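Results of the structural survey
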Amino acid sequence: MTGEHDHRPQPAPEQPPAVTPAITHPAVVRGDCVMDAVSLGKDYRLARHQVLHAVRDVSLSLHRGAVVALVGESGSGKSTVARLLAGQERPSAGTVRLNGQPVALSGHRAFRRYKSEVQLVFQDPFASLNPAHTVRYHVERPLRLHRGPLSAAEVRQQAAALMEQVRLTPAEDFLAKYPHELSGGQRQRVSFARALAAQPSVLLADEPVSMLDVSIRLEMLALLDDLRKRFRLALLYITHDIASARYFADEVLVMYAGEIVERGPAEDVTQRPAHPYTQLLVSSAPDPDNLGTALRNGANRAGRPGLAGPPPDGACPFSPRCPYADDRCRREAPALQPISAARAAACWRLDVAAPDVLARPEGGGDGTT
Ligand code: ADP
Ligand code: MG
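Cut-off values and rules
Residues numbered from 1 in each chain as written. Chains lettered and ligands numbered in written order. Predicted model: local features only at pLDDT ≥ 70, side-chain atom pairs only at ≥ 80, totals over all residues. Helix = DSSP H or I, 4+ residues; strand = E, 2+ residues; numbered from the N terminus. Buried ≥ 20, exposed ≤ 12 C-beta atoms within 10 Å, placed from the backbone. Contact = placed C-beta atoms within 7 Å. Near = placed C-beta within 6 Å. Nonpolar A, V, L, I, M, F, W, Y, C, P; charged D, E, K, R; others polar. Pairing = 2+ DSSP bridges. Core = buried A, V, L, I, M, F, W, Y, C linked by C-beta atoms within 7 Å. Axes fitted to C-alpha atoms, helices over the stretch in contact; angles between N-to-C directions. Parallel < 35°, antiparallel > 145°, perpendicular 65-115°, else oblique. Left-handed = near helix turned anticlockwise from the far one by under 90°.

1. What to know about the overall build of the protein chain
When helices and strands are tallied, the protein chain shows 13 helices and 12 strands. Across the 369 residues in the protein chain, those meeting the buried criterion constitute 43%. Within the protein chain, contacts between residues separated by at least 24 positions form 64% of all contacts whose residues are at least 6 apart in sequence.

Here it is, written out as structure tokens:
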């Protein structure tokens, strides 16, 4: 306000620190936003007027050519988010937008059009293919459905091209097979080919490798990453394995009990987690090169009881399991608060749980960045 006429040497102008910036999405550097969700919620009515808040206030943004990982243990609401984004269920609150337009799926045709943009790949490649049909049927059907009028020769040619892209070759051999003649990894490749047949801009991959043999998981993630690049897919990668999220995500969102408790650039969140729950996930994850499954069984290897009972009403949902919880945490749930331009966490106790992150939110742990 004043000091305009001060002629002493001025320091280089800096960003004003006083205003807390809105969160920027690390995935934005890759490409335009294709899909975003604002404050999504999903309630399920249980018996006796009980309501389960399966998903609460989840916002995310998927960008062309970028990977956002949604990480959390079983039951945290990840698949519900995927179904909401895929248009398979209606949100109880909030909005999903595709290319900036709120999604309104009234009727069969609207849903088909939506599916040609947004495809979901499931965890279980055994359940997702019909045992009565060949691979050719599974891949050619969506080609006919989504790619407009094609001649029979074009359909065959494009089916073969898709098989090459998911590296099931010779394509003709694999197209003739039935699901039971394929390994789990090969079936998941067929699931990818079938999803890509629609030429989607968004691929929602719900734990796509967690039912596969550990020895082929890395190879499958590498394939997914290759497809992401080749087709400039906006990819939501859902996993309970935070080590695998680090492997190829741009942004990591950590979910606990239906809410996002931490978000930020993948490297920062996985190397220097701020939220006590993320710290727990990271510390119980195995060697990042060995894409293991410490949490598959809901195991909590950090020595704290996994079943500590529900939190008191209105409390931080993680408080019963949190080593830093104090009275405030047991009274009042924290909202997701920015801790830097690209990171946020929902925790009252960050000053105790992650003082180093508060001091220097971005940058790898080794100080070389
Ligand atoms: P995740 O994929 O992270 O394991 P889900 O999204 O499948 O979690 O489930 C989140 C919570 O919502 C769980 O408690 C689950 O039991 C509940 N849930 C999911 N679908 C339904 C449904 N259709 N009806 C009632 N509860 C559901
Ligand atoms: Mg799930």
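Still to come is the rest of the account.
2. Observations concerning the site of ligand 1
Tyr44, Leu52, Ala54, Gly72, Ser74, Gly75, Ser76, Gly77, Lys78, Ser79 and Thr80 make up every residue found near ligand 1. Per-element tally for the shell around ligand 1: the top contributor is helix 1 (residues 78-85), with three residues. Tallied by class, residues from the shell around ligand 1 come to three nonpolar, seven polar and one charged.

3. Some words on the pairing of strand 2 (residues 51-63)
The pairing of strand 1 (residues 33-45) with strand 2 spans nine bridges and is antiparallel. Looking across to strand 2, one finds that Cys33 is bridged to His63. Count of turn residues in the strand 1/strand 2 antiparallel hairpin: five residues, of which Arg48 carries a positive phi of about 50°.

4. Focus: the sheet that holds strand 1
Reading across the sheet, the four strands line up as 2-1-4-5 and stay open at both edges, with antiparallel pairing between neighbours. Two strands lie at the open edges of the sheet, namely strand 2 and strand 5 (101-102), each paired on one side alone. Pairing of strand 1 with strand 4 (residues 93-98), which is carried by five bridges, proceeds in the antiparallel orientation. Directly across from Met35, in strand 4, lies its bridge partner Leu98.

5. Side note on the nonpolar core
Grouped together as the largest cluster of nonpolar side chains are 95 residues, with contacts concentrated most on Val68, Ala69, Val71, Leu85, Leu236, Leu253 and Val254. The biggest single contributor to this core is helix 6 (residues 184-197), with six residues. Excluding anything up to four places from it in sequence, Val254 contacts Val71, Gly72, Ile260, Val261, Glu262, Val269, His275, Tyr277, Thr278 and Leu281.

6. Notes on the sheet that holds strand 9 (residues 251-256)
Strand order in the open sheet formed by eight strands is 6-7-8-3-9-10-12-11, with mixed pairing between adjacent strands. Looking at the sheet topology across the chains shown, the edges are occupied by strand 6 (118-121) and strand 11 (337-338). Across two bridges, the pairing between strand 11 and strand 12 (residues 344-345) is antiparallel. The residue bridging Gln337 from the neighbouring strand is Ala345, located in strand 12.

7. Notes on the environment of Ala152
Structurally, Ala152 is set in helix 4 (residues 152-165). For the pair Ala152 and Glu140, spaced 12 residues apart in sequence, the C-alpha separation works out to 9.7 Å.

8. Quick notes on the packing of helix 3 (residues 135-146) against helix 6
The interhelical angle for the contact between helix 3 and helix 6, taken along N-to-C directions, is 15°, at an axis separation of 8 Å. Classed by the angle they form, the pair helix 3 and helix 6 counts as roughly parallel. As for how helix 3 packs across helix 6, the hand of that crossing is right-handed. Two secondary-structure elements touch here, helix 3 through Val135, His138, Val139, Pro142, Leu143 and His146 and helix 6 through Val190, Ala193, Arg194 and Ala197.

9. Focus on the environment of Arg189
Along the chain, Arg189 turns up in helix 6. Distance in space between the C-alpha atoms of Arg189 and Met163 is 8.3 Å, their sequence separation being 26 residues.

10. Considerations on unusual backbone geometry
The omega torsion across Thr169 and Pro170 is 0°, close enough to zero to call that bond cis. For Pro170, the position within the fold is in the loop between helix 4 and helix 5 (171-175). One non-glycine residue, Asn99, lies in positive phi territory at about 50°. Locating Asn99 in the fold gives a position in the loop between strand 4 and strand 5. Its 13 C-beta neighbours within 10 Å are what place Asn99 among the partly exposed residues. Although it is not a glycine, Gln199 adopts a positive phi angle of roughly 50°. As for its placement among the helices and strands, Gln199 is situated in the loop between helix 6 and strand 7 (202-206). Overall, Gln199 belongs to the partly exposed group, with 15 C-beta atoms counted inside 10 Å.

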